[in-house]
Amino acid sequence: MAKFGDEDKHCEFFKWVNEHTDMEENHLKLLEKYIFICELEVGLKNRDEKTKKLQSKKAKLEEYLKHMKNEVSEMRIEL
């Protein structure tokens, strides 16, 4: 910012385009944190959905394994 006369006095008439106030800086930081939290929530939701699908697949495979063990047992009895 331009200074006139004494070093302690600043001209408050102009504001540079790339100059941010503390409030604007804090707002940007808050927005970045909010976006980060949203991305984490989406990742958590995706993880939960994948976990549910894998648990369902595991249950089906366990049921199939149980069925196959029964078939093997029946075949042994027949032999």
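Details of the structure are given in the entry above.
Residues numbered from 1 in each chain as written. Predicted model: local features only at pLDDT ≥ 70, side-chain atom pairs only at ≥ 80, totals over all residues. Heavy atoms only, no water.

### Comments concerning the overall build of the chain
- Looking only at helices and strands, one finds one helix and zero strands in the chain.
- Here the chain holds 79 residues, and 1% of them are scored as buried. (Helix = DSSP H or I, 4+ residues; strand = E, 2+ residues; numbered from the N terminus. Buried < 20%, exposed > 50% of the residue type's maximum accessible area, 1.4 Å probe, protein only.)

### Some details on the pattern of salt bridges
- Inspection of the entire model under this criterion finds two salt bridges.
- When the shortest N-O distance is used, the salt bridge between arginine 47 and aspartate 48 registers 3.0 Å.
- With relative accessibility at 33%, the residue aspartate 48 sits in the partly exposed group.
- In this structure, lysine 58 engages glutamate 62 in a salt bridge whose closest nitrogen and oxygen atoms are separated by 3.8 Å. Here the residue lysine 58 and the residue glutamate 62 both occupy positions in helix H1 (residues 22-78), the gap between them amounting to four residues, near one helical turn.
- Its relative accessible area of 52% is what places lysine 58 among the exposed residues.
- A relative accessible area of 47% places glutamate 62 in the partly exposed class. (Salt bridge = Lys/Arg side-chain N within 4 Å of Asp/Glu carboxyl O.)

### So, a nonpolar patch on the surface
- Together, Leu31, Tyr34 and Ile35 give the surface a local cluster of nonpolar side chains, amounting to about 300 Å² of exposed area.
- Residue placement: leucine 31 occurs in helix H1. (Patch = residues over 30% accessible without salt bridge, like charges linked within 9 Å, V, L, I, M, F, W, Y side chains within 5 Å. Areas by Shrake-Rupley, 256 points an atom, 1.4 Å probe, with all protein chains shown as cover.)

By themselves, these figures tell us nothing about what the structure is for.
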